[in-house]
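What the coordinates show
Below, each chain spelled out in residue letters.
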Amino acid sequence: VSFPDNSAYPAYPAPPAASHPGGAVSTRGKTGLWARLVAIALLPVIGLSIWAGTATLSLRRQSNRAANALNHMDRLGQFLELRSAIEGERVPTSTITTIAQYNVPPSMVTLLLGFNPITEQATARASVDKDFAKATVDVSDAHELLMLARRSADQSDVRETVFAKFQKVTDDLRKHSAEELAALRMSMYGFDGDRSVTNSLVALLAAYDSTERFGGATLDLFNVMGNGEENRPARVELASDYALAISALNTVATNAGPETLAALHELRSSQAMKDSSTAIEKSLSGPPVAFVSDLKGTAKIFKALLKVGQLEHQLLGKAATEARRVAAQGQRTSENRLKQSVLIVVVLAFSSILIALVIAQLISRPLKALARKAERIGQGHLDGIPLHEKGPHEVTTVTRAVNELESIISTLDKQTSALALGDLDADVFDQVLPGRLGESVQATMERLSSSIRNREDLQTRLRFQASHDALTGLPNRKAIIEALESALSRAHRRGEPVATLFLDLDGFKRANDVHGHRIGDEVLRECAKRLNAQMRSGDIVGRLGGDEFVVVCEGVAGASEALLAAQRCIDVVSEPIVIEGKVCLIGASVGVAIDLDGNGTASDLLRDADLAVYRAKARGRGRAELFDEFAREEIDRLSDLEQAMPRAIENNELHLMYQPIFDTHDGKHSLVSVEALIRWNRPGHGEISPVDFIPILEGSPRIIDIGRWVLKNALKQLAYLREHEGLVDLTMSINLAARHMMAPGVVDDVRSEIEANNVPANRVVIEITETTLLDDMTIACEHLRLLREMGLRIAIDDFGTGFTSINQLGILPIDVLKIDGSFVRRIHEPMQRSIAQMMIGIAATLGLDVVAEGVETDAEAQALSTLGCSRHQGYKYARPLSPQSLIDRHGYGVRHAPTQSH
Ligand code: C2E
Ligand code: MG
Ligand code: MG
């Protein structure tokens, strides 16, 4: 079953071109999903990083500030230490200068103050030098000033000069300290780091302030107590400095660390502090006192003030140390925080990136797989491997849909391929398509395939009908020619012969006429069935139409095998066929044509087989004839004769001879009739017997021309013969070919010649062969009936060689049976004799005349007479004679010589 012509189906929409936007998915030149996802995930990371960076930068600034503060603290510490040390040197130095000015011996000082100013000065100077040596800050100017002050002291300058020079040194150092303090304040500005750093710095500043103020207060006190006069500005100074010093100490108390607090406590609870405070308060509230008036008391105050100064410096030192330590601690904390912060930022950034990558990967991987799949599907590659459903819910939904879609498309692809191949029963149609879409596609597919199946069934039926005969179901002429053509091409390849058997049923028309067309159709069906049943597999039986069948046999060994097959066909068809209780006896004539090597064409082979059938029929039917070289010669002869015949008639090459038929009743033989027998004097061939051209020309319409010529001349001759005495009652037998007998004009042909020659119709006998009756009995009988009505008589020639059944003889419009010469020749054989006897008996029963043909011997004549057949024709009595010989032998008088006309 082949797939029906594509043009019969609506065209499918053309597949989109590769460049079509809806076609293949291309990711080239576009930002990938992964990159976008990473970008989205990285945005907060970048924000976080900026924030963390800023925070880190701020931390770094804090750390830098702390470091800066520490640096200034260091420098400040050095300046303070130097100042403290110089203060330590100034006290014994100014003491020495003062006592020298007032001529007080140093031992007095030692006695009053408890220390030797000379040794004290030496020790203090050594300490100061040491401090200068180890200083890292630039104190060259202070050192220079110190050297000037020392020289002045050593030159025993006045107290004020020495004091002023030392004041310059401390002023210089104070200036440096103030710078460092300002810088410290600057670095503390906006410092929001560790609270303890700020506190310790505040404490340090306060301690410094307190020291300064107390130093100032000491000088103020000496100024107040200087010369016992009211010194109001000095008292105001003293009150202010003292109050500020105490306030600064309070600030230290609220901000300092434990060590500084311990020093503060020591200062505050010291006897020196109490004495100093008492002295200051007394000089602020009471009348002015001159310290020279009470040396002992003054010394005591001086000592107390010295001690407080020492304790103040101790406090400042502690505050500086502590501030330095706390600042260092703060810096370390800041740095640690910075490190931590950097670490946190790095870890955060790193983990954010990692998480972003993982999330992007999780989402983008299945989407990428989807995109690849979609691209492949778009390009028409269906691998049928479903994608793993993973990733977010939306992605798995799309994945499932794409998997289903691919499965549907792939199955659809296979189904349409199967449809295209016409394989409508392919397993792929049983596959269940997934999802709702699958169901609807499947339904469409089923509708499509069933509509194709219907069309195909219809086409198959039509094709079968177009190539098969409706009545028998056998291949028709067209199909047979096709089958023959393919058999020939196979034969050509294999070098094997192909035989074509052309069957023409004998007696079918008669069965049809007798029993009707319905039975006739059944007979044809039965014949088809029988032929089919007895053929070898691979042989093809077909019906060409009417009662003609063809069998194509491939791979036959040769002519004999083909003839055997033909004989089998004849045998099966000749078996009686019983339909609805009616027995039909038919036979078959078979023409066999063989192509030995597949070089011929189907139409050649059929034509040859057809010609061979004709020969089989001509040779008596019920037999198989091979189309061979002789047959070919016959064909050639036919065409030669066909061409020559018109000229033969025209050129007067034909003539008739007359063979007498005698009645041998009672031992005498009296002439009853003559049979007109044609002769042809063909130039270059001599006289030709009708046996050599009549049977051949029976296949051609020329035979009718001959029949007319014979009728015309024979009847003219009869008229002439009848003018002779002794021949007046002569009867003439005229042979008419089957073809002529079937021709529509045959009755007119006979009538016109009878009338033209004015011969009595009852003196004319028309001889026909049994074959004439076989072909179409209805027409033949009708024509015979009309002739008999005119008065003519009908003879069956060569009786016994054909198929006329005894049953039919009774209903045929005939008058004479002419027993064929072959029976006469073998009349001495008991069997033949019985047959002849039977024929004679039947003729007698049916009231028919009997004539024996070909009687050559006395024995034959005797035997026939004994059987009751007295009318003889044969060489024993006379050969065919010319009219003149006939007249000479049997006539008595001639009135005028006969002439043959055209
Ligand atoms: P047929 O009609 O049966 O004619 C008798 C044939 O037997 C004649 O052969 C005749 O010469 C031959 N014959 C007669 N007696 C003897 C005998 O004792 N021994 C032998 N061996 N043969 C004998 P012929 O003339 O050669 O004709 C042969 C056949 O040609 C005829 O057979 C007839 O069928 C056909 N024929 C002859 N003339 C005509 C004609 O004008 N028209 C048609 N349609 N057929 C004709
Ligand atoms: Mg005859
Ligand atoms: Mg005969």
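Above this text sits the structure in question.
Rules and cut-offs
Residues numbered from 1 in each chain as written. Chains lettered and ligands numbered in written order. Predicted model: local features only at pLDDT ≥ 70, side-chain atom pairs only at ≥ 80, totals over all residues. Heavy atoms only, no water. Buried < 20%, exposed > 50% of the residue type's maximum accessible area, 1.4 Å probe, protein only. Helix = DSSP H or I, 4+ residues; strand = E, 2+ residues; numbered from the N terminus. Pairing = 2+ DSSP bridges. Donors = N, O, S within 2.8 Å, 3.2 Å for Na, K, Ca; no water. Patch = residues over 30% accessible without salt bridge, like charges linked within 9 Å, V, L, I, M, F, W, Y side chains within 5 Å. Areas by Shrake-Rupley, 256 points an atom, 1.4 Å probe, with all protein chains shown as cover. Salt bridge = Lys/Arg side-chain N within 4 Å of Asp/Glu carboxyl O. Lys, Arg positive; Asp, Glu negative; His and termini not counted. Charge placed at Lys NZ, Arg CZ, Asp CG, Glu CD. Axes fitted to C-alpha atoms, helices over the stretch in contact; angles between N-to-C directions. Contact = heavy atoms within 4.5 Å. Near = heavy atom within 4 Å. Polar contact = N/O pair within 3.5 Å; in protein donor to acceptor, adjacent residues only side chain to side chain. Nonpolar A, V, L, I, M, F, W, Y, C, P; charged D, E, K, R; others polar.

**A closer look at the pairing of strand β9 (residues 670-682)**
- In terms of residue burial, β9 counts as a mostly covered element, since 10 of its 13 residues are buried.
- Bridge count for strand β8 (residues 654-663) against β9 is 10 bridges, and the pairing is antiparallel. When the bridges of β9 are listed, I661 appears paired with S673.
- Taken together, β8 and the strand that follows it, β9, pair antiparallel across an intervening segment of 6 residues, in which D666 is found at a positive phi of about 65°.
- In the sheet, β9 pairs with strand β10 (residues 686-688) via 3 bridges, with the strands oriented antiparallel. Looking at β10, one finds that N681 is bridged to E687.
- The antiparallel pairing of β9 with β10 creates a hairpin that spans 3 residues between the two strands, and G684 there sits at a positive phi of about 85°.

**Re the coordination of the magnesium ion (ligand 2)**
- Summarising the metal site, the magnesium ion (ligand 2) is bound by the protein donors E675 (OE), N735 (OD1), E767 (OE) and D797 (OD), whose distances to it range over 2.0 to 2.3 Å.
- Written as a sequence motif, the donor arrangement for the magnesium ion (ligand 2) is E-x59-N-x31-E-x29-D.
- Here the magnesium ion (ligand 3) and the magnesium ion (ligand 2) are spaced 4.2 Å from one another, each receiving a donor from D797. Within this pair, whereas E675 is found in strand β9, its partner E767 is found in strand β12 (residues 764-769), the two being separated by 92 residues in sequence. A single burial state applies to E675 and to E767, both of which are buried.

**Description of a positive patch on the surface**
- A contiguous patch of positive charge, built from R365, K368, R372 and K390, is present on the exposed surface.
- Within the secondary structure layout, R372 lies in helix α10 (residues 295-378).

**Remarks on the sheet that holds strand β6 (residues 587-595)**
- Read across the open sheet, the 5 strands follow the order β2-β3-β1-β6-β7; overall the sheet is mixed. Strands at the two margins of the open sheet, each flanked by one partner only, are β2 (540-545) and β7 (624-626). Sheet twist, expressed as the average angle between the axes of neighbouring strands with direction ignored, equals 20°.
- The strands that helix α17 (residues 602-618) touches are β1 (498-506), β2, β3 (548-554), β6 and β7; relative to β6, the one it contacts most, it runs at about 140°.

**Focus on the site of ligand 1**
- Near ligand 1, the surroundings consist of 22 residues, among which E675, D797, E853, E856 and Y875 are the closest.
- In the model, a nitrogen atom of ligand 1 is placed 2.9 Å from a nitrogen or oxygen of the Q659 side chain.
- Separating an oxygen atom of ligand 1 from a side-chain N or O atom of R679 is a distance of 2.9 Å.
- For ligand 1, the accessible surface in isolation is 790 Å², of which the surrounding protein chains cover 82%.
- Those elements that provide at least two residues to the shell around ligand 1 are β9, α19 (690-697) and β13 (793-799).
- Considering only residue class, the shell around ligand 1 consists of 10 nonpolar, 5 polar and 7 charged.

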